[in-house]
Amino acid sequence: MKKQVLTVVLCFCAVVSYAQVVPRLVELSTNNQQLIEEALKNSFVIIHSQYQMQDITIKEPTFYGSNGNEYFGETYSVAVKTQGGYLLENSALFPWLYDSKYAEYIDSKQFRPVPLMMEYRQFADSVYTKYDKAIEFKDVKPILNQKLLFLGSNEFDGKGMFAKTLEAKNEGWIVWLAAEKPLENEPNYPKFSFVTYRYEQLVNKKPEPVYDIETPKANNKILLGGIYVLPEITGIGEISFRLLGTLSFESEEDLWQIIPVVNSNSQKFVKAVKVENKKPNQSVTLTPVQSKGNNNQKNKPKK
């Protein structure tokens, strides 16, 4: 156990020192990558959402699917566990806005989209778990409109990551969750993997709502979403990961973006670690203690 803890700390120190030299996306060694992914894999949740179309011109509620399915359209997205809830992409709650089939019905006075089903799957799960109750929109808080939402929930016993505000210079790690195929083509048993890089994000005095980042080499894998984290030593042999941001793909610009988790919208409901003022190192004076049994010079501590 001591050897394992020592290995983690050594890898942590090596990564941080190297990040100071290379400020952009930098691949990790296999050992470092495995340690990071093992620590963070249970932070990810896959959300599967479906919706139907309702004919609002008929008194009797009438709903329609498409292509012989009960649902009209669906989306898969990545959520991230935090303390007291989790972070969702906009597509998880409003799947029709991200479905090309819905485009011709946007201005329709006859049909409107309605949620049908929402289920989730944690990284280690082999099946999806359906939400037993409808999502209460009063529990949904916007972090960044049409991009990132916070859903207060005890679904995961309140366990999750603490967030942290981006500082002027952030030397962290980016972790993408990836799959071999689109989840629509392999919904039940997708093979998940990770794409992990070192990354340094600089922030000006006036923070931006999002930060563009370069697209990584994914070896033909499908990037589903991800997180930007900062490792901190929080105890002897203990490292905690602070959530700086989530990763979102901007299809119109064909690039990935970091969405900072802590901003003016989220400060009231996303639990974040407090940034304490660092105190200057205090000098320590050693006071010799006289031995009761022997007062010889050899019993004094060496200077």
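Residues numbered from 1 in each chain as written. Predicted model: local features only at pLDDT ≥ 70, side-chain atom pairs only at ≥ 80, totals over all residues. Heavy atoms only, no water.

1. A look at the pattern of salt bridges
Then comes step 1: Taken as a whole, this structure holds eight salt bridges when the rule is applied.
Then comes step 2: Where Lys101 meets Asp99, a salt bridge forms, and the shortest distance between an N and an O atom there is 3.1 Å.
Then comes step 3: Its relative accessible area of 13% is what places Asp99 among the buried residues.
Then comes step 4: Measuring nitrogen to oxygen at the nearest pair gives 2.7 Å for the salt bridge that ties Glu250 to Lys147. Highlighted residues: Glu250 in strand E14 (residues 238-250) and Lys147 in the loop between strand E8 (140-144) and strand E9 (148-152), separated in sequence by 103 residues.
Then comes step 5: Through salt bridges that share partners, Lys164, Glu167, Glu232 and Arg242 make up one connected network. (Salt bridge = Lys/Arg side-chain N within 4 Å of Asp/Glu carboxyl O. Buried < 20%, exposed > 50% of the residue type's maximum accessible area, 1.4 Å probe, protein only. Helix = DSSP H or I, 4+ residues; strand = E, 2+ residues; numbered from the N terminus.)

2. Looking at unusual backbone geometry
Then comes step 1: The backbone of Asn67 shows a phi angle near 55°, a positive value even though the residue is not glycine.
Then comes step 2: Mapped onto the elements, Asn67 comes out in the loop between strand E3 (62-64) and strand E4 (73-82).

3. Let's talk about the nonpolar core
Most often, soluble globular proteins keep nonpolar side chains buried together rather than apart.
Then comes step 1: The biggest cluster of nonpolar side chains holds 32 residues, and the ones touching the most others in it are Leu40, Ile46, Leu177, Leu224, Ile227, Val229 and Leu243.
Then comes step 2: A per-element tally of this core places strand E10 (residues 169-179) first, with four residues.
Then comes step 3: Once you skip the residues sitting within four places of it in the chain, Leu224 turns out to touch Ile46, Val78, Glu89, Leu177, Ala178, Ala179, Leu183, Phe192 and Trp256.
Then comes step 4: Core analysis: the second largest hydrophobic core is formed by 19 residues, Ala178, Val203, Ala218 and Leu247 among them. (Core = buried A, V, L, I, M, F, W, Y, C linked by side-chain atoms within 4.5 Å. Contact = heavy atoms within 4.5 Å.)

4. With respect to the side chain of Gln83
Then comes step 1: By the element assignment, Gln83 lies in the loop between E4 and strand E5 (85-89).
Then comes step 2: Separated by 2.7 Å, the side chain of Gln83 and the backbone oxygen of Gly160 make a polar contact.
Then comes step 3: Dropping the residues within four chain positions of it, Gln83 is found in contact with Gly158, Gly160, Met161, Phe162 and Lys271. (Polar contact = N/O pair within 3.5 Å; in protein donor to acceptor, adjacent residues only side chain to side chain.)

5. Observations regarding the confidence of the model for the protein chain
Then comes step 1: Taken over all residues, the pLDDT of the protein chain has a mean of 81, while the share at 70 or more is 81%.
Then comes step 2: Here helix H1 (residues 2-19) is the element of the protein chain with the lowest mean pLDDT, 40, and E3 is the one with the highest, 96.
Then comes step 3: Every residue in residues 276-287 scores below 50 in pLDDT, and together they form zero contacts with partners more than four places removed in sequence or on other chains.
Then comes step 4: Long-range and interchain partners of residues 290-303, a stretch whose pLDDT sits below 50, account for two contacts in this model, where long-range means more than four residues apart. (pLDDT = per-residue confidence, 0-100.)

6. Considerations on the pairing of E4
Then comes step 1: The buried count for E4 comes to ten of ten residues, which makes it a mostly enclosed element.
Then comes step 2: Covered by surrounding structure in E4 are Gly73, Thr75, Ser77, Ala79 and Lys81 together with Glu74, Tyr76, Val78, Val80 and Thr82, the residues of both alternating faces.
Then comes step 3: When E4 meets E5, the two strands line up antiparallel, connected through three bridges. Across the sheet, Val80 pairs through a bridge with Leu87, a residue of E5.
Then comes step 4: Remark: two residues form the turn of the hairpin made by E4 and E5, two consecutive strands paired antiparallel; Gly84 in that turn has positive phi of roughly 85°. (Pairing = 2+ DSSP bridges.)

7. Some points on empty space enclosed by the protein
Then comes step 1: This model, assessed by the stated rule, comprises one cavity of 30 Å³ or more.
Then comes step 2: The volume enclosed by the largest cavity comes to roughly 90 Å³.
Then comes step 3: Here the residues of the lining of the largest cavity sort into eight nonpolar, four polar and two charged. (1 Å grid on protein atoms, 1.4 Å probe; cavity = no way out; pocket = protein on both sides within 12 Å on 5 of 7 lines; lining within 4 Å. Points joined across faces, edges and corners; volume = space filled by probe spheres on them. Nonpolar A, V, L, I, M, F, W, Y, C, P; charged D, E, K, R; others polar.)

8. Digging into the packing of aromatic side chains
Then comes step 1: For the structure shown, the criterion picks out 19 aromatic pairs.
Then comes step 2: Seen from their ring centres, Tyr51 and Trp96 are 5.8 Å apart, and the 70° between their planes marks the pair as edge-to-face. Of the two residues, Tyr51 is situated in strand E2 (residues 44-55) and Trp96 in the loop between helix H3 (90-93) and strand E6 (111-122); the sequence distance between them amounts to 45 residues. Across the pair, Trp96 and Tyr51 agree in class, each one buried.
Then comes step 3: On the numbers, 5.3 Å between centres and 65° between planes, the contact of Tyr86 with Phe156 is edge-to-face. Here Tyr86 is found in strand E5, whereas its partner Phe156 is found in the loop between E9 and E10, with 70 residues between them in sequence. One exposure class covers both Tyr86 and Phe156, and it is buried. (Phe/Tyr/Trp six-rings, centres within 6.5 Å; stacked < 30°, edge-to-face > 60°.)

9. Let's talk about the layout of surface pockets
Then comes step 1: By volume, the largest pocket is sized at about 970 Å³.
Then comes step 2: Lining the largest pocket are 26 residues, and of these Glu89, Ser91, Tyr98, Phe249 and Ser251 lie nearest its centre.
Then comes step 3: Taken together, the elements giving at least two residues each to the lining of the largest pocket come down to E4, H3, strand E13 (222-235) and E14.
Then comes step 4: Considering each element in turn, the lining of the largest pocket owes the most residues, five residues, to E4.
Then comes step 5: Each residue belonging to the lining of the largest pocket can be placed in one class, and the counts come to twelve nonpolar, eight polar and six charged.

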